[in-house]
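Below are the chains, spelled out letter by letter.
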Amino acid sequence: MPELVELHRTVGTRGVRVVAVSLDLPDPAQVKSAEELGDFAERRGLALPIVAFQGDLSALTERLKLPGGPPCTLLFDRDAHEVGRIEGGVEGDELQALITKALAR
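Predicted model, so just to flag it, every value in this text is computed and none were measured.

Participant: Help me out: how do you make sense of a negative patch on the surface in this one?
Facilitator: Judged by side-chain charge, Glu35, Glu36, Asp39 and Glu42 come together as a negatively charged surface patch. Take Glu42: it is sitting in helix 2 (residues 34-44). Overall, the relative accessible area of 66% leaves Glu42 in the exposed class.

In structure tokens form, the structure reads like this:
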């Protein structure tokens, strides 16, 4: 997550938005409410937008062809088409390369 926060800071000026998506609320093992999620983000210093997904997790997983579990990083263009993906943990350089490639399209 620190990599996403840093990326949020550095690519915002290039018209790129970094948004974290929490999948905790459909299966509230660790976070039971949006308020708890906000508190968690604040304690961790996660200074980026966070969306709390609350719908059908199985349908989301199927629609986006997500791996068995997080983390998974998806990159979408302005028209909501997926233009890149990294399954599993990711390093900042790998994210930067993915964004640079997508912006070159």
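Structure shown, so let's carry the discussion forward.
Participant: It is not clear to me how the environment of Thr13 should be interpreted in this structure. Could you clarify?
Facilitator: By the secondary structure assignment, Thr13 is in the loop between helix 1 (2-11) and strand 1 (20-22). With relative accessibility at 73%, the residue Thr13 sits in the exposed group.

Participant: When you look at the side chain of Ser22 in this model, what are you seeing that I'm missing?
Facilitator: For Ser22, the position within the fold is in strand 1. Exposure remark for Ser22: the relative accessible area of 8% places this residue in the buried category. When residues no more than four places from it in sequence are discounted, the contact partners of Ser22 are Leu37, Ile50, Val51, Ala52 and Phe53.

Participant: What is the right way to read the packing of helix 1 against helix 4 (residues 92-103) from this model?
Facilitator: Any two packed helices are characterised by the angle at which their axes cross and by the distance between the axes. Interaxial distance between helix 1 and helix 4 falls to 10 Å at its minimum, and their mutual angle equals 40°. It follows from the interaxial angle that helix 1 and helix 4 lie oblique. Considering the relative orientation of helix 1 and helix 4, their crossing is right-handed. Residues Glu3, Leu4, Leu7, Thr10 and Val11 of helix 1 lie in contact with helix 4, whose contacting residues are Gly92, Leu95, Gln96 and Ile99. For the contact of helix 1 with helix 4, the residue count by class is 5 nonpolar, 3 polar and 1 charged.

Participant: Mind showing me how you'd approach a nonpolar patch on the surface here?
Facilitator: A contiguous nonpolar surface patch, about 230 Å² in accessible area, is contributed by Val19, Val21 and Val51. Mapping Val19 onto the fold places it in the loop between helix 1 and strand 1. For Val19, a relative accessible area of 38% puts it in the partly exposed group.

Reading guide: rules and limits
Residues numbered from 1 in each chain as written. Predicted model: local features only at pLDDT ≥ 70, side-chain atom pairs only at ≥ 80, totals over all residues. Heavy atoms only, no water. Patch = residues over 30% accessible without salt bridge, like charges linked within 9 Å, V, L, I, M, F, W, Y side chains within 5 Å. Areas by Shrake-Rupley, 256 points an atom, 1.4 Å probe, with all protein chains shown as cover. Salt bridge = Lys/Arg side-chain N within 4 Å of Asp/Glu carboxyl O. Lys, Arg positive; Asp, Glu negative; His and termini not counted. Charge placed at Lys NZ, Arg CZ, Asp CG, Glu CD. Helix = DSSP H or I, 4+ residues; strand = E, 2+ residues; numbered from the N terminus. Buried < 20%, exposed > 50% of the residue type's maximum accessible area, 1.4 Å probe, protein only. Contact = heavy atoms within 4.5 Å. Axes fitted to C-alpha atoms, helices over the stretch in contact; angles between N-to-C directions. Parallel < 35°, antiparallel > 145°, perpendicular 65-115°, else oblique. Left-handed = near helix turned anticlockwise from the far one by under 90°. Nonpolar A, V, L, I, M, F, W, Y, C, P; charged D, E, K, R; others polar.

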